[in-house]
Amino acid sequence: MSALTYYPVKSCAGITVSEALITPDGLPHDRAYVITDEAGGPRWQGGDPRMVLITPQLVDDGAGMILRAPGRGELRVTGVTGEGEEVTKVPGQPYGAVDQGAEAAAWVSGVLGRPSRLLRVRTSPGGTAANDNRVHVVSRASLDLLNRRLAERGAAPLPMNRFRPNLVVDGWDTPHTEDTAARLLIGDTELALTELTVRCAITMVDQETGRRAGPEPLRTLADHRRAEDGGGTVFGAYFRVVREGRVTVGDAVEVLDAAEG
């Protein structure tokens with residue numbers, strides 16, 4: 001495994017670490033917050049590419065957070081989740097969340113240039129979080145193959161961060177091994193395949209500048225990586241946590257058994 005990243009605010013910049021404890025809820029603090037629009041629905045980077053310019057830093061052992069963005073200074077969030085707080089149902093999502101207040105709303109609205117709110121996702125034991133309690137895995141071999149196909153049509157190679165994985169796996173010779181790896185073992189941590197990752201317009205956003213830079217990779221993926229049910233293009237896969245454990249960059253990722261496909 002060559003990289004380990006979590007995304008404290010859904011669709012915003014990630015935090016890369018050298019080790020982490022993976023629990024049944026996935027990586028700690030992954031998608032712990034969500035930014036919503038005027039109707040209360042979650043904003044996403046495909047519609048608001050400037051979200052990637054919002055850089056989080058967790059403080060107080062993850063209880064609080066500092067957000068930064070170019071030209072906007074910083075915002076300190078206390079991470080309100082306590083009992084007695086009003087829990088907001090996020091439309092179309094299986095989780096509730098707690099609004100982080102007017103100051104946070106003003107700050108994220110200023111960055112995105114449209115009215116927005118910052119909410120902290122509220123989950124109960126065994127409940128559903130904004131990361132759907134899963135870990136997103138992409139292999140380096142898969143990206144290398146995609147970049148070779150991009151080069152064939154005269155397009156520039158893309159970095160791994162376009163696909164926003166939690167775990168990047170090195171050492172697999174066969175591209176898209178993650179598609180058929182029914183179970184993965186990383187140290188004592190065991191993961192089980194749930195579904196392939198259907199890609200969206202976020203992959204066309206430059207993660208350094210916050211600008212759309214399409215049509216790649218969706219144009220090339222559409223030629224080679226169509227979902228069998230016609231439900232879009234796929235790249236990478238989601239896994240649920242079967243057995244929790246600590247993982248470290250440099251750990252071997254073993255395929256315990258392969259699914260059909």
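A few points on the structure.

What counts and how
Residues numbered from 1 in each chain as written. Predicted model: local features only at pLDDT ≥ 70, side-chain atom pairs only at ≥ 80, totals over all residues. Heavy atoms only, no water. Helix = DSSP H or I, 4+ residues; strand = E, 2+ residues; numbered from the N terminus. Rg over C-alpha atoms; globule rule 2.2 N^0.38 Å. Buried < 20%, exposed > 50% of the residue type's maximum accessible area, 1.4 Å probe, protein only. Contact = heavy atoms within 4.5 Å. Phe/Tyr/Trp six-rings, centres within 6.5 Å; stacked < 30°, edge-to-face > 60°. Lys NZ or Arg CZ within 6 Å of the ring centre and 35° of its normal. 1 Å grid on protein atoms, 1.4 Å probe; cavity = no way out; pocket = protein on both sides within 12 Å on 5 of 7 lines; lining within 4 Å. Points joined across faces, edges and corners; volume = space filled by probe spheres on them. Nonpolar A, V, L, I, M, F, W, Y, C, P; charged D, E, K, R; others polar. Pairing = 2+ DSSP bridges. Axes fitted to C-alpha atoms, helices over the stretch in contact; angles between N-to-C directions.

**Focus: the overall build of the protein chain**
The number of helices and strands found in the protein chain is 4 helices and 19 strands. The C-alpha radius of gyration of the protein chain comes to 18 Å, within 12% of the 18 Å expected for a compact globule of 261 residues. Along the first, second and third principal axes, the C-alpha atoms of the protein chain reach 50 × 40 × 35 Å. Looking at the protein chain residue by residue over its 261 residues, the buried ones come to 51%. For the protein chain, contacts bridging at least 24 residues in sequence account for 68% of all contacts bridging at least 6.

**Side note on the packing of aromatic side chains**
Under the criterion given, the structure shown has 1 aromatic pair. Here Arg134 stacks its cationic end above the ring of Tyr238, 3.5 Å away from the centre of that ring.

**Some points on the layout of surface pockets**
Of the volumes computed, that of the largest pocket is approximately 570 Å³. Along its surface, the largest pocket is lined by 24 residues, and Lys10, Arg31, Cys200, Ile202 and Tyr238 are the ones closest to its centre. No other element matches the 4 residues that strand 14 (residues 189-198) contributes to the lining of the largest pocket.

**Description of empty space enclosed by the protein**
Taken as a whole, this structure holds 1 cavity of 30 Å³ or more when the rule is applied. Here the largest cavity defines a volume of roughly 50 Å³. Lining the largest cavity are Ser142, Leu145, Leu146, Arg149, His176, Thr220, Leu221, His224, Arg225 and Phe235. Elements with a minimum of two residues in the lining of the largest cavity: helix 2 (140-152) and helix 4 (218-224). Looking at the lining of the largest cavity, the element that brings in the most residues is helix 2, giving 4 residues. Taken together, the residues that form the lining of the largest cavity break down as 4 nonpolar, 4 polar and 2 charged.

**Here's the deal with the sheet that holds strand 8 (residues 87-89)**
In spatial order, the strands read 4-10-9-8; together these 4 strands make up an open sheet with antiparallel pairing. Each having just a single partner strand, strand 4 (33-36) and strand 8 make up the two edges of the open sheet. Strand after strand, the sheet turns through a mean of 45 degrees between neighbouring axes, direction not considered. Sheet topology places strand 8 next to strand 9 (residues 96-99); 3 bridges connect them, and they run antiparallel. Among the inter-strand pairings, Val87 is bridged to a residue of strand 9, identified as Val98. Strands in contact with helix 1 (residues 102-112) are strand 4 and strand 10 (117-122); relative to strand 10, the strand with the most contacts, it is inclined by about 120 degrees.

Don't take any of this as a statement about function, it's just geometry.
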